[in-house]
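This is what each chain is made of:
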Amino acid sequence: MSASMRGAGVLAVLVSLAGAACAQGGADRNALIPRQIADGAFMMENPTGSGNAGFVITADGVLVFDADVRNADQTLAFIRTQTDKKVRYVVISHAAGDHATGVWHYREDRPIFVATRRQMRDMYMQEKQQFEERKAQGQPERNPYARADYVTPELGFEGVMTIQLADVTFQLTDEGHGHSTSDVTMFVPQKRVIFMGDLLNTEIHPGQSESAGVIFANVNGWIASLDRVMARNLAVDTYVPGHGPVHLGRGVADLEEQRRYFVTMRDRVSRRMARGDDLDKIRKSFEPPEEFAGYRRTERLNNFLNLFFHQNVERGY
Ligand SMILES: [Zn+2]
């Protein structure tokens, strides 16, 4: 990636979104921050550390990657400032509230909602249950779930799928069971970017992926997914995270760091187990390796210590 591209990253696109967000949202919402990651390709960074989204503009329309019912209206408002093309597809990284519940906001454009078959099943089951539970909570005027309808995928695939929109190609891959039961990555070769969903978290502790009380993350599956993506040696400048800020042009070093996180953290938990410490004791006095000590959202670390501990007992990795 050239220096000019890096400079273009934060661009002047920070402009109008804040206004658009204020007009539509309550004071409890945080404005997504648009980051240009390539020509016509954007990530919508969630400054709270909750889920990011993204989109790519083509001559034949827009493809959106991930949609949270709590803020997808902000993404749509920003898209409208960048193009008059319609949103043609919405692809989700996985069936979780912060990535898969916001397709309703795009209804005016009637996009096709694409998911893996496994994600479709999860959308019909525990994710739907969680959505309905949240819809029933709180005051309707302050509850984004109450205003929206639950939208389920229309097009399901297994393995891989290619979507061609004008001269831009979207390579979707079901990476298997890592963060969730079915994590999809989306490589856009003409833009030299890959949207990683929650397989990649930057500067932030990863999430265990929970929906309606069910926890999905599998540490070893996650490492294997990262290994598979890295083994492709893709021509990629920027790996776009599902949570955390995007590191323009950092390339595969982001995936290496994420992989190192799991391997070293798991090792540290294992050493404590070998000393006879139980989970409670480990949680109370756990110190992450220096490289990850500054990561945000430490409540997620606590959850992950639980997973490291029990998956180590259950299967040894
Ligand atoms: Zn997420």
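In the block above lies the structure referred to throughout.
Attention here is on the structure that accompanies the text.

About the criteria used
- Residues numbered from 1 in each chain as written.
- Predicted model: local features only at pLDDT ≥ 70, side-chain atom pairs only at ≥ 80, totals over all residues.
- Heavy atoms only, no water.
- Donors = N, O, S within 2.8 Å, 3.2 Å for Na, K, Ca; no water.
- Tetrahedral: all angles 85-135°; square planar, octahedral: opposite > 155°, others 65-115°.
- Helix = DSSP H or I, 4+ residues; strand = E, 2+ residues; numbered from the N terminus.
- Buried < 20%, exposed > 50% of the residue type's maximum accessible area, 1.4 Å probe, protein only.
- 1 Å grid on protein atoms, 1.4 Å probe; cavity = no way out; pocket = protein on both sides within 12 Å on 5 of 7 lines; lining within 4 Å.
- Points joined across faces, edges and corners; volume = space filled by probe spheres on them.
- Nonpolar A, V, L, I, M, F, W, Y, C, P; charged D, E, K, R; others polar.
- Salt bridge = Lys/Arg side-chain N within 4 Å of Asp/Glu carboxyl O.
- Pairing = 2+ DSSP bridges.
- Axes fitted to C-alpha atoms, helices over the stretch in contact; angles between N-to-C directions.
- Contact = heavy atoms within 4.5 Å.
- Phe/Tyr/Trp six-rings, centres within 6.5 Å; stacked < 30°, edge-to-face > 60°.
- Lys NZ or Arg CZ within 6 Å of the ring centre and 35° of its normal.

1. Examining the coordination of the zinc ion
Each pair of donors in an ideal four-coordinate tetrahedral metal site encloses 109.5 degrees, whereas pairs in an ideal six-coordinate octahedral site enclose 90 or 180 degrees. Those protein atoms acting as donors to the zinc ion are D98 (OD), H99 (NE2), D198 (OD) and H243 (NE2), and they sit at 2.0 to 2.4 Å. In this structure, the zinc ion is coordinated by four donor atoms arranged in irregular fashion, with angles at the metal of 89 to 171 degrees. One chain supplies every donor for the zinc ion, spaced along it as D-H-x98-D-x44-H. Remark: D198 occurs in the loop between β11 (193-195) and β12 (210-211) and D98 occurs in helix α4 (residues 97-100); sequence separation between them is 100 residues. Comparing D98 with D198 shows no difference in burial state: the two are buried.

2. A word on empty space enclosed by the protein
What the rule picks out here adds up to three cavities of 30 Å³ or more. By volume, the largest cavity is sized at about 80 Å³. Taken together, 14 residues form the lining of the largest cavity, with A95, D122, S180, S209 and F216 sitting closest to its centre. Mapped by element, the contributors of at least two residues to the lining of the largest cavity are α5 (117-124), α6 (126-135) and β12. For the lining of the largest cavity, the per-class residue count stands at three nonpolar, eight polar and three charged. If you add up the space inside the second largest cavity, you get close to 50 Å³.

3. Quick word on the pattern of salt bridges
The final tally for this structure, using the stated rule, is 21 salt bridges. The closest approach of N and O atoms between R250 and D254, which form a salt bridge, is 2.5 Å. When its relative accessible area of 35% is taken as the criterion, R250 is described as partly exposed. Here D277 and R275 are joined by a salt bridge, their closest N and O atoms 3.8 Å apart. Residues participating in the shared-partner salt-bridge network are R80, K86, E108 and D109.

4. Let's talk about the pairing of strand β9 (residues 168-174)
The buried count for β9 comes to five of seven residues, which makes it a mostly enclosed element. Direction of pairing for strand β8 (residues 160-165) relative to β9: antiparallel, over a ladder of six bridges. The partner of V160 across the bridge, within β9, is T173. With antiparallel pairing between neighbouring strands as the criterion, β8 and β9 make up a hairpin whose turn holds two residues, including A166 at a positive phi of roughly 50 degrees. Across four bridges, β9 lies against strand β10 (residues 184-188) in antiparallel orientation. Across the sheet, the residue bridging to T173 is T185, located in β10.

5. Points about the sheet that holds β8
A sheet is described by the order of its strands in space; here five strands give the open sequence β8-β9-β10-β11-β14, paired in mixed fashion. Strands with a single pairing partner mark the edges of an open sheet, and in this sheet they are β8 and β14 (238-240). Looking at each pair of strands side by side, their axes are set apart by 20 degrees on average, direction ignored.

6. Structural notes on the side chain of Q130
Along the polypeptide, Q130 turns up in helix α6. Filtering out sequence-adjacent residues up to four positions away, Q130 remains in contact with E210, S211 and A212.

7. Digging into the packing of aromatic side chains
For the coordinates displayed, the defined rule picks out 14 aromatic pairs. Geometrically, the ring pair formed by W222 and F262 is tilted, given 4.6 Å between the ring centres and 50 degrees between the ring planes. Of the two residues, W222 sits in helix α8 (residues 219-231) while F262 sits in helix α9 (residues 253-274), which places them 40 residues apart along the sequence. Taking the centre distance of 5.7 Å and the plane angle of 45 degrees together, the rings of F262 and F304 count as tilted. Remark: F304 occurs in helix α11 (residues 298-315) and F262 occurs in helix α9; sequence separation between them is 42 residues. Of the two residues, F262 and F304, both sit in the buried class. Each member of the aromatic cluster is reached from another via a ring pair, and the members are W222, Y261, F262, F292, Y295, F304 and F308. A cation over an aromatic ring shows up here: R107 above the ring of W104, its NZ or CZ 3.7 Å from the ring centre.

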